[in-house]
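Residue-level structure breakdown
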Amino acid sequence: MNRISISMLAACAALASIPAVAADADLQALREEIAQMKKSYEQRINALEQRLADTTRQAESATVTAGQAQAAAQANRPAATASAFNPEISLILSGMYNNTSQDPRQDPTAAAGRERRIQGLLPAGGELNPEARAWNLGESELAISANIDPHFRGTFLAAISPANEIGVEEAHIQTIGLGNGLGVKAGRFFSGVGYANEQHPHAWDFSNAALPYQAFFGPQLGYDGVQLKWVAPTDLFVELGAEFGRARGFPANDGGRNKNGLMSGSAFAHVGGDVGVANSWRAGASFFASKPRGRTYDDVDSTNTLVTNAFSGKSNTTVLDFVWKWAPEGNARDGGFKFQSEWFRRHESGNLTYDTTAASLGTATDAFRATQTGLYAQGIWQFMPHWRAGYRYDQLSAANLSVGLVDNGTLTAADLPILQSFKPRRHTAMVDYSPSEFSRIRFQVARDQSRSGVNDNQVWVHYIMSLGAHGAHKF
Amino acid sequence: MRKILMMLAALLALPAQAALNVLTTVPEWAALAQEIGGDKIRVASVTTALQDPHRIEARPSLIARARNADLIIATGAELEIGWLPVVQRESGNARIQSGQPGYFEAAAQARMLEIPAKLDRADGDVHAGGNPHINTDPRVYLKVGEALAARLAQLDPGNAAAYQAGYAAFAGRWRANLARWEKQAAALRGQPVVVQHKSFTYLLDWLGLKEVATLEPKPGVEASAAHLSHVLEQVRGQKPRWVIRAVWESSRATDWFAANSGTPAVVLPFTVGGNDAAKDLASLFDDTLARLLAAR
């Protein structure tokens, strides 16, 4: 640019030095014009030189700051030692004080020493918090997880019960590099059916699971098996999943089974999205199928004898779930509302065997069918930073039963008291305070009507705290 | 049947042929990517300027959008640690996993401040990598932009020249802006300021402002009335010129302090979209400076 201007100027100067041939006036005009051009070009050259100098200076200073930034950034990097590969470790501590108007360890309607259970259905046998009156230690959960390599991630979660038993809650690997929306999980994991099933107790909004979960999944459905998931390439969130394996606990009893094959299985579909910037939702439908064999439970028959009964057949559970979250401007820091509801329907058909050990009236088997539904709905309102209040309503329907042993006159309904028709209900309210993302203290009251003729008023004061790695929670 | 299959195949192939699909965790990186990528990319932020970037949920819509993304631009330095890992894992998208070219962390390019000497949660919500709010220093966009242009070129080699040219044009405009802003703000140098949260450490560092107090007793911990009174007593003698907070932070502490100390409260847009004036990166800093200068 500069060089061109200079050569142009040189040309102008050469032009100016050509001997005058035109008239003096013309010559004078031409000279003035050339002088003006010369002046204007000189100004432009000066301006360009100034700009060049400025740019160079700026570039130099930019390089210097960039160099400093680079040096500082390098200083930021942690030293590359073997311990830098430590997995993410976190520990959940939980404990509570309970006041209950009924003895939580004993079923007041039946024999002493028998655990309390929900009336009107084959018992799930899972934990029905609170475990005992007064001081209880919750489960301590130790979680270790990390990416194994670019293809897999591993997760291990052990729960140490207050009775000093260690249980492996989750121990699974999952793919991270498959792409195309596909994911595979294998090992021990919580099933993706429903909404709350995958959540760990520390992430629950109440201190115990909802009644349908306690009654139908006792209280969480787990697998030793494999899960396949696919996220559709659409703007609307669509996720399809299937699971196969040895279902852990109720309503399956795959634990001790010895056979080849898929055993239990489930399928689920979730859809979700946003409404504006402040609302988001997820809805789902799930199905779980299992074939329990010799699934036993205890009951007290009409002669007041403790007998063991068993169910064998097919058990299918359908779950519909819905969650809606609102926060002003989508900013959940200072306030928000969450609505969550799930509906369950279980259908079991097969054979019921009475008194498998022939301890009372003698072993007898006949057809058995039961259909039962349950639902819960809850709302959690964060009314100011760190404070939330919530209410939950749970209910189970009275079972639609067909018991062959009673219908054909072998037994009377009094021989199978747990199956006597009843509609369990429960109201729960809570307020919790979370000083930080890592600590929460909850006060919860409940009116539990899950046993015939008994109202149990329950009070919890519960702390849940986590230390270690900053775990990210699902929606 | 065959027609339907072909249509389906066309539908599935469509996103691959379209512009590079870029998803950012916060609005400022979307604005930067737009400056560099222009019409060669389709870019969106999954959060707005009015949302606390620490407290985003791994919403189903985020997972659906991450499923189709070619590139995720995050701040890093643990800012998104409570939600982004879940989104990455649940998306089933191999391209955007950490360590892949489709995952870009801005903080890797920044000069980090406030790197804690010890890591103890008793000190509040501390980030091991340093203060993650690097976006409040305009100088960072040159360095991040350069690396981002290179990353875009790596992911979309066909448009590499366009990304380099986009960055060069942006950098030219940005350097001129920086010179102008630094001249404007020269009078602010050394002025004492009270902040609500450590959101503006990098802005203060750039402008040479002196942070005399933070209203939060610990990062992420809400100030109590007693703590606020204590801070007020402490800084009264230093005559802070402003008490500032980001638009997504609760107004309570700042308003209390402003009312009781007579210090003007300034609500800064923090990022693109934080107020009506902050429409893009340049107007974000125009507005930030205008607000500080106006409240003197």
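Residues numbered from 1 in each chain as written. Chains lettered and ligands numbered in written order. Predicted model: local features only at pLDDT ≥ 70, side-chain atom pairs only at ≥ 80, totals over all residues.

Regarding its fold elements, chain A presents 4 helices and 19 strands. In chain A, buried positions account for 33% of the 475 residues. Expressed as a percentage of contacts within chain A between residues at least 6 apart in sequence, the contacts between residues at least 24 apart total 62%. (Helix = DSSP H or I, 4+ residues; strand = E, 2+ residues; numbered from the N terminus. Buried ≥ 20, exposed ≤ 12 C-beta atoms within 10 Å, placed from the backbone. Contact = placed C-beta atoms within 7 Å.)

What follows concerns the overall build of chain B. A count of helices and strands for chain B gives 10 helices and 8 strands. On C-alpha atoms alone, chain B measures out to a radius of gyration of 21 Å, which is about the 19 Å that the 2.2 N^0.38 rule sets for 296 residues. Expressed as lengths along the three principal axes of its C-alpha atoms, the size of chain B is roughly 80 × 40 × 35 Å. Counting only residues that meet the buried cut, chain B has 50% of its 296 residues in that class. (Rg over C-alpha atoms; globule rule 2.2 N^0.38 Å.)

Judged by nonpolar contacts, the single largest core of 80 residues is most densely connected at Val-22, Leu-32, Ala-33, Ile-36, Ile-72 and Ile-73 of chain B. Split by domain, the residues of this core number at least three in each of domain 1 (12-179) and domain 2 (187-294) of chain B. If we skip the residues at most four places from it in the chain, Ala-33 of chain B touches Val-22, Thr-24, Ile-41, Val-43, Ile-73 and Leu-148 of chain B. In terms of nonpolar packing, the next biggest core, distinct from the first, is built from 44 residues, Phe-190, Tyr-195, Leu-221 and Val-403 of chain A among them. (Core = buried A, V, L, I, M, F, W, Y, C linked by C-beta atoms within 7 Å. Domains from an automatic or database assignment.)

Taken residue by residue, the interface counts 45 residues in chain A and 44 residues in chain B. Where the side of chain A that touches chain B is concerned, the elements lending two or more residues are helix H2 (24-76), strand E6 (182-190), strand E7 (222-231), strand E9 (264-275) and strand E10 (279-290) of chain A. The leading source of residues in the side of chain A that touches chain B is H2 of chain A, at 7 residues. Of the residues assigned to the side of chain A that touches chain B, the class counts are 19 nonpolar, 17 polar and 9 charged. (Nonpolar A, V, L, I, M, F, W, Y, C, P; charged D, E, K, R; others polar.)

Residue and element names in this part refer to chain B. Taken together, the 4 strands give an open sheet; going across it, the order is E6-E5-E7-E8, and neighbouring strands pair in parallel fashion. A single partner strand is all that each edge strand has here, and the edge strands are strand E6 (210-214) and strand E8 (265-268). Across the sheet, the mean angle separating the axes of adjacent strands is 35° when strand polarity is ignored. In terms of strand pairing, strand E7 (residues 242-246) meets E8 through 4 bridges, oriented parallel. Within the sheet, the bridge partner assigned to Arg-245 lies in E8 and is Val-267. This element, helix H9 (residues 252-261), spans strand E5 (192-195), E7 and E8 of the sheet and lies at about 170° to E7. (Pairing = 2+ DSSP bridges. Axes fitted to C-alpha atoms, helices over the stretch in contact; angles between N-to-C directions.)

It is worth spelling out helix H3 (residues 60-67) of chain B at this point. Of all 8 residues in H3 of chain B, 8 are buried, a share of seventy percent or more. Buried within H3 of chain B are the following residues: Pro-60, Ser-61, Leu-62, Ile-63, Ala-64, Arg-65, Ala-66 and Arg-67 of chain B.

Here we take up the sheet that holds strand E4 (residues 103-105) of chain B. Residues and elements named next belong to chain B. Spatial ordering of the open sheet is given by E2-E1-E3-E4, a layout of 4 strands whose pairing is parallel. Both edges of this open sheet fall to strand E2 (41-45) and E4, since each of them pairs with a single strand only. Direction aside, neighbouring strands of the sheet carry axes that sit 20° apart on average. With 3 bridges connecting them, strand E3 (residues 71-74) and E4 associate as parallel partners. Residue pairing for E4: Ile-73 is matched across the bridge by Phe-104.

All names here are of chain B. Here helix H2 (residues 27-37) crosses helix H5 (residues 140-155) at 60°, and the two axes come no closer than 10 Å. As the angle between them shows, H2 and H5 are arranged oblique. The handedness of the crossing between H2 and H5 comes out as right-handed. Here Leu-32, Ala-33, Ile-36 and Gly-37 of H2 lie close against H5, whose contacting residues are Tyr-141, Val-144, Gly-145, Leu-148, Ala-149 and Leu-152. Grouping the constituent residues of the contact of H2 with H5 by class yields 8 nonpolar, 2 polar and no charged. (Parallel < 35°, antiparallel > 145°, perpendicular 65-115°, else oblique. Left-handed = near helix turned anticlockwise from the far one by under 90°.)

Residues and elements named next belong to chain A. Summarising the model, chain A shows a mean pLDDT of 84, and 81% of its residues fall at 70 or more. Looking over chain A, one finds the lowest element-wise mean pLDDT in helix H1 (residues 2-16), namely 46, and the highest in E10, namely 97. A low-confidence stretch, residues 60-80 stays under pLDDT 50, and its non-local contacts, those more than four residues away or across chains, total 11 contacts. (pLDDT = per-residue confidence, 0-100.)

Summary statistics for chain B give a mean pLDDT of 90 and a share of 94% for residues scoring 70 or more. Per-element mean pLDDT across chain B ranges from 52 in helix H1 (residues 2-17) of chain B up to 97 in E3 of chain B.

Right, let's get into the environment of Ala-74 of chain B. All names here are of chain B. Counting through the fold element by element, Ala-74 comes out in strand E3. Classification of Ala-74 as buried rests on a count of 24 C-beta atoms within 10 Å. Put simply, Ala-74 and Arg-189 are 115 residues apart on the chain and 31 Å apart in space, counted from C-alpha to C-alpha. Once residues within four sequence positions are removed from consideration, Ala-74 is found in contact with Thr-25, Glu-80, Leu-84 and Glu-105.

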